[in-house]
Amino acid sequence: MSSLNEILAAHAPLLLLDAASTRVQVALFDAQGAARWAVADEEAGVALFRGVESLGVDLASVRGFAFCEGPGSILGIRTAAMALRTWTALAPRPVFAFRSLELVAYELARHSPLENFSAIADARRGAWHCVEVHAGATGPLRRVTAAELAGPLFMPEHFRTWAVKPAETRTTSYDLATLLPRVAGADLFRATEAPDAFLHEDPSYQTWTPRIHRAPN
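What this report covers is the structure whose coordinates are included nearby. (Residues numbered from 1 in each chain as written. Predicted model: local features only at pLDDT ≥ 70, side-chain atom pairs only at ≥ 80, totals over all residues. Heavy atoms only, no water.)

**Some thoughts on the pattern of salt bridges**
- Inspection of every chain in the model, using the stated rule, returns nine salt bridges.
- Linking R23 and D41 is a salt bridge whose minimum nitrogen-to-oxygen distance equals 2.8 Å. Residue R23 is found in the loop between β2 (14–18) and β3 (24–29), and its partner D41 is found in the loop between β4 (35–40) and α2 (44–54); the two are separated by 18 residues along the sequence.
- Assessed through its relative accessible area of 52%, D41 is described here as exposed.
- Residue R190 pairs with E102 through a salt bridge whose shortest N-O separation is 3.4 Å. Taken together, the positions of R190 in strand β12 (residues 187–192) and E102 in helix α4 (residues 100–111) put the pair 88 residues apart, joining distant regions of the chain. In this pair, the class of R190 matches that of E102, namely buried. (Salt bridge = Lys/Arg side-chain N within 4 Å of Asp/Glu carboxyl O. Helix = DSSP H or I, 4+ residues; strand = E, 2+ residues; numbered from the N terminus. Buried < 20%, exposed > 50% of the residue type's maximum accessible area, 1.4 Å probe, protein only.)

Pasting the structure below:
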């Protein structure tokens with residue numbers, strides 16, 4: 001695990017992509033941590049590339065990439081991951097992933113007067129992504145049922161929901177231009193050679209055995 005400060009010291013200029021929410025955020029960081037941002041409420045397949053273009057990014061000069069691997073919009077996250085796979089195939093460079101709820105929970109744990117709370121996001125099918133904070137310490141990212149959630153609860157703004165929000169849910173900022181400088185020294189980034197959307201467990205596939213169809217006797 002690495003902090004944003006450590007990554008920038010070794011791999012700036014760094015291009016960051018976040019399409020986990022309906023508000024797509026793109027940034028180009030220099031070695032001192034200064035960043036220029038492009039933010040848009042558009043479909044990820046448009047906003048990500050338009051953001052890179054609007055910032056005047058010379059992809060050949062970028063020395064590293066960072067992206068949000070989730071939780072959030074699977075389509076948006078995988079669109080960002082596809083772009084990173086393409087760019088690093090053309091010219092290999094390190095990629096670092098961070099997780100939206102871990103970032104939010106860490107920042108809230110240090111600036112909220114509450115000692116115990118959870119950061120959550122809709123995981124569909126009656127489940128919720130959840131990072132619990134107890135006495136200022138953040139726990140692991142888990143998937144839980146609505147019945148397992150205990151307030152207070154914080155959900156990042158602009159995140160999609162398919163179910164009714166649990167009681168005691170508050171909206172909290174997901175403005176990365178503000179959040180990232182406040183957590184720049186925290187070990188929230190992990191190196192990855194295969195950028196993709198975060199999954200709680202690897203998908204399993206059932207083996208299909210072909211059989212010759214026979215008419216009943």
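**Examining the packing of α2 against helix α3 (residues 74–90)**
- Axis separation between α2 and α3 bottoms out at 9 Å; the angle between their running directions is 45 degrees. Comparing their axes, α3 and α2 come out oblique. Both α2 and α3 take part in a crossing whose hand is right-handed. On α3, the residues that touch A44, G45, L48, F49 and V52 of α2 are G76, T79, A80, M82, A83 and W87.
- When its residues are assigned to classes, the contact of α2 with α3 shows eight nonpolar, three polar and no charged. (Axes fitted to C-alpha atoms, helices over the stretch in contact; angles between N-to-C directions. Parallel < 35°, antiparallel > 145°, perpendicular 65-115°, else oblique. Left-handed = near helix turned anticlockwise from the far one by under 90°. Contact = heavy atoms within 4.5 Å. Nonpolar A, V, L, I, M, F, W, Y, C, P; charged D, E, K, R; others polar.)

**Quick notes on the sheet that holds strand β5 (residues 64–70)**
- Strand order in this open sheet of seven strands is β1-β12-β6-β5-β2-β3-β4, and the pairing throughout is mixed. On the outer flanks of this sheet lie β1 (2–3) and β4, each paired with one strand and no other.
- Sheet analysis places β2 next to β3, joined by five bridges and oriented antiparallel. In the sheet register, L16 faces β3, and the bridge partner there is A27.
- In the packing of α4 onto the sheet, contacts are made with β5, β6 (95–99) and β12, and the angle to β6 comes to roughly 60 degrees. (Pairing = 2+ DSSP bridges.)

**Section: the sheet that holds strand β8 (residues 127–134)**
- Sheet architecture is open: five strands sit in the order β9-β8-β7-β10-β11, paired in mixed fashion. Looking at which strands have only one partner, the edges of the open sheet turn out to be β9 (137–145) and β11 (169–172). Taken over all neighbouring pairs, the strand axes of this sheet differ in orientation by 30 degrees on average, direction set aside.
- Bridge count for strand β7 (residues 117–124) against strand β10 (residues 153–156) is two bridges, and the pairing is parallel. Residue A119 lies in a different strand from β10, and its bridge partner there is F154.

**Some details on unusual backbone geometry**
- Omega for the bond connecting A12 with P13 falls within 30 degrees of zero, at 0 degrees, which places this linkage in the cis form.
- With respect to the helices, strands and loops of the structure, P13 is situated in the loop between α1 (4–11) and β2.
- Here the amide bond leading from G70 into P71 is cis, since omega sits at -10 degrees, within 30 degrees of zero.
- In this structure, P71 sits in the loop between β5 and α3.
- Its identity is not glycine, yet A135 carries a phi of approximately 55 degrees, on the positive side.
- Inspection of the secondary structure puts A135 in the loop between β8 and β9.
- Here A135 falls in the exposed class, since its relative accessible area comes to 63%.
- Residues other than glycine seldom take positive phi values, yet E168 does so here, at roughly 70 degrees.
- Inspection of the secondary structure assignment puts E168 in the loop between β10 and β11.

**Brief notes about the environment of A20**
- Its location among the elements puts A20 in the loop between β2 and β3.
- Remark: the alpha-carbon pair of A20 and L75, spanning 55 residues in sequence, is separated by 8.6 Å.
- Contacts of A20, omitting those with residues within four sequence positions, involve C68, P71, G72, S73, I77 and F159.

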